[in-house]
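Now for the letters of each chain:
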Amino acid sequence: MVEKGRFLVVVSVMEGRRFPKRARHKLIAEARFDGELLTTDPVDHGENPEISQELAWELDKKGLQQHRLRTSIKIQCYAVDTSTTMKEAVGYVVLDLRAAHSKQTSKWYPLLLGKYHKNKPEIRLALYLDEDKQNEENISFKAKEAPARVVESPVRDKDPRLLKPVLNEEEGYYQLGPAKQCTDQFVLSVTIATASNLAQLIPSTQALPPGANGYFFYFSLFGNDVTNEVFHDLINPTFPAERASVRLHSSVEAVRMFLASQPGLQVHLCCGEQSLGRAEIPLNSLIKKNSTEIYMKPVTLEGSFELVPPNRVKQTMSAVPTELSPVVGVSIVLRKEDMAMRTPLKEDHRSPVRTPASSSPTHRSRLRRDESPVQGKPPRGKASQPSPHRSPSPGKGREEKGETYEDDFEEGTNENV
């Protein structure tokens, strides 16, 4: 939000000409000013790329005067390989801040030290100052509505704790962030694929819940209970790998801020309504700040995560070697919804949380062990609503038994919906 007496230094990156066609590449522009690096969204690397985005930095009057004495702004253009996300510098332009005024005037600039010597490409830029003297309330409204502030999104000014997912039941997605600003569509998927050494979670002195029939994994995805199929052998656990997905309407920055503010995803091994152990999976590294990777390919977090028993049980257990620790194999994938996967699911777009299914809505997709998503291969199958008949909440059972788990992520997302 721009305060009274403060200025925006704005670089308007409009378009390019005489660029070579590179089908596998996207074009971006980066600029660093006042210690902050801003980047445009990737556009097609064609002959006349249409960028039409603005990079804006906020300064007070004193800071602006100091920068004007000695500072220039370098706009560096990159070609980004969509298959490897490698950035290749293709040229740059230097703008003198002393030439910036309140009037927006654009000009064509040739790329210096350009990679494309034969074509001699140029980009059209404008450097200007924007001063807003209205009251704070009107300024806040204008900042949210201004379509030009594409990269310097108002979402960055929000407290991440105020970003709450709101369910759109009719369309089957969660809105995260202002609806008029956060319009990109994403799919967040969680797959439980493997598990090992689960018997270490149950001491010989521990009694299982009466009437319990088998074991299963449980987690909460945006307040929705998700479980996998029941299995009975803790020594050699066998169960189909299953993927649960949730659709989001948001922006990259809003999703990054939301995930960074959450404690993480908790996956529980359950028997009846009793949690035998849980794994904590941090989500704050799924999207890195200022990263453009998600525009090129899905971002993933995969690995084996240790299952930790409740404190009251852990105190009675002896230490085991690391290689014998109980673990669960989990894959978390975030992708833009318009980005096709290698083996896409046929999904019901009215449901915000989806799991693959076979002939019955209570069944989920099955993978052979060698198709485990933890090994990088996506699940196959159709999709349906998660089965309602087996959705126990470990939080309730632990409360009655006096265990010390605190499901911060589940409780937080339930409050947010």
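See above for the structure.
Okay, so let's go over this structure.

Reading the values: rules and limits
- Residues numbered from 1 in each chain as written.
- Predicted model: local features only at pLDDT ≥ 70, side-chain atom pairs only at ≥ 80, totals over all residues.
- Heavy atoms only, no water.
- Helix = DSSP H or I, 4+ residues; strand = E, 2+ residues; numbered from the N terminus.
- Buried < 20%, exposed > 50% of the residue type's maximum accessible area, 1.4 Å probe, protein only.
- Contact = heavy atoms within 4.5 Å.
- Phe/Tyr/Trp six-rings, centres within 6.5 Å; stacked < 30°, edge-to-face > 60°.
- Lys NZ or Arg CZ within 6 Å of the ring centre and 35° of its normal.
- Core = buried A, V, L, I, M, F, W, Y, C linked by side-chain atoms within 4.5 Å.
- Pairing = 2+ DSSP bridges.
- Axes fitted to C-alpha atoms, helices over the stretch in contact; angles between N-to-C directions.
- Disulfide = S-S within 2.5 Å.
- Salt bridge = Lys/Arg side-chain N within 4 Å of Asp/Glu carboxyl O.
- Polar contact = N/O pair within 3.5 Å; in protein donor to acceptor, adjacent residues only side chain to side chain.

## So, the overall build of the chain
Along the backbone of the chain there are seven helices and 21 strands. Split into buried and exposed, the 417 residues of the chain put 51% on the buried side. Considering only residue pairs separated by 6 or more positions, the chain has 74% of its internal contacts joining residues 24 or more positions apart.

## So, the packing of aromatic side chains
In total, this model carries eight aromatic pairs according to the counting rule given. Seen in terms of ring centroids, Phe 19 and Tyr 116 are 6.4 Å apart; in terms of plane orientation they differ by 70 degrees. Their pairing is edge-to-face. In this pair, Phe 19 sits in the loop between β1 (6–17) and β2 (25–33) while Tyr 116 sits in the loop between β8 (106–110) and β9 (122–131), placing the two residues 97 residues apart along the sequence. Both residues of the pair, Phe 19 and Tyr 116, belong to the buried class. An aromatic cluster is built from Tyr 215, Phe 217, Phe 231 and Phe 239, whose rings are joined through pairwise contacts. Seen from the ring of Tyr 92, Lys 74 lies directly overhead, with NZ or CZ sitting 4.4 Å from the centre. Residue placement shows Lys 87 over the ring face of Tyr 78; its charged tip is 4.5 Å from the ring centre.

## Observations regarding the nonpolar core
Counting 47 residues, the largest nonpolar core has Phe 217, Phe 219, Leu 221, Leu 269, Ile 332 and Leu 334 as the members making the most contacts within it. The next biggest cluster of nonpolar side chains, apart from the first, holds 31 residues, and it includes Ala 31, Trp 57, Ile 75 and Ala 100.

## Some thoughts on the sheet that holds strand β14 (residues 224–227)
Read across the sheet, four strands follow the order β14-β13-β16-β17 without closing on themselves; strand pairing throughout is antiparallel. This sheet does not close on itself; its edge strands, each paired only once, are β14 and β17 (274–281). Averaged over all adjacent pairs, the angle separating strand axes in this sheet is 25 degrees, with direction ignored. Here strand β13 (residues 216–221) runs beside β14; their pairing, made up of four bridges, is antiparallel.

## Structural notes on the environment of Asn 290
Topologically, Asn 290 is positioned in the loop between β17 and α4 (293–296). By relative accessible area, which is 37% here, Asn 290 ends up partly exposed.

## Points about the pairing of strand β16 (residues 265–271)
For β16, the buried fraction is high: seven of the seven residues fall into the buried class. Of the two faces of β16, both are covered, the one formed by Leu 265, Val 267, Leu 269 and Cys 271 as well as the one formed by Gln 266, His 268 and Cys 270. Across three bridges, the pairing between β13 and β16 is antiparallel. Note on β16: the bridge partner recorded for Phe 216 is Cys 270. Judged from the seven bridges that link them, β16 and β17 form a sheet pairing that is antiparallel.

## What to know about the state of the cysteines
Tallied over the full model, the rule gives zero disulfides. Of all cysteine sulfurs, the one in Cys 271 lies closest to Cys 270, which takes part in no disulfide; the gap is 8.8 Å.

## Structural notes on the pattern of salt bridges
Counting across every chain of the model gives 15 salt bridges. With a closest N to O distance of 2.6 Å, Asp 44 and Lys 26 form a salt bridge. On the criterion of sequence distance, the pair formed by Asp 44 in strand β4 (residues 43–44) and Lys 26 in strand β2 is long-range, its members being 18 residues apart. Residue Arg 278 is joined to Glu 280 by a salt bridge in which the shortest nitrogen-to-oxygen separation is 3.3 Å. Taken together, the salt bridges that share partners define one network made up of Arg 17, Arg 18 and Glu 122.

## Re the sheet that holds strand β5 (residues 50–60)
On the basis of which strands lie adjacent, the open sheet formed by four strands has the order β5-β1-β9-β8 and antiparallel pairing. Taken across any chain shown, the strands that pair with only one partner, and hence form the sheet edges, are β5 and β8. Each adjacent strand pair in this sheet contributes to an overall mean axis angle of 25 degrees, direction not counted. Here nine bridges tie β1 to β5, and the two strands are oriented antiparallel to one another. In the sheet register, Val 10 faces β5, and the bridge partner there is Ala 56.

## Notes on unusual backbone geometry
The residue Ser 52 is not glycine, and still its phi comes out positive at about 50 degrees. Checked against the element boundaries, Ser 52 lands in strand β5. The phi angle at Leu 113 is positive, at roughly 50 degrees, despite the residue not being glycine. Here Leu 113 shows up in the loop between β8 and β9.

## Description of the side chain of Arg 278
Positionally, Arg 278 belongs in strand β17. Look at Arg 278 and you get buried, because its relative accessible area is 15%. Polar side-chain contacts of Arg 278 include one of 3.3 Å to the side chain of Gln 266.

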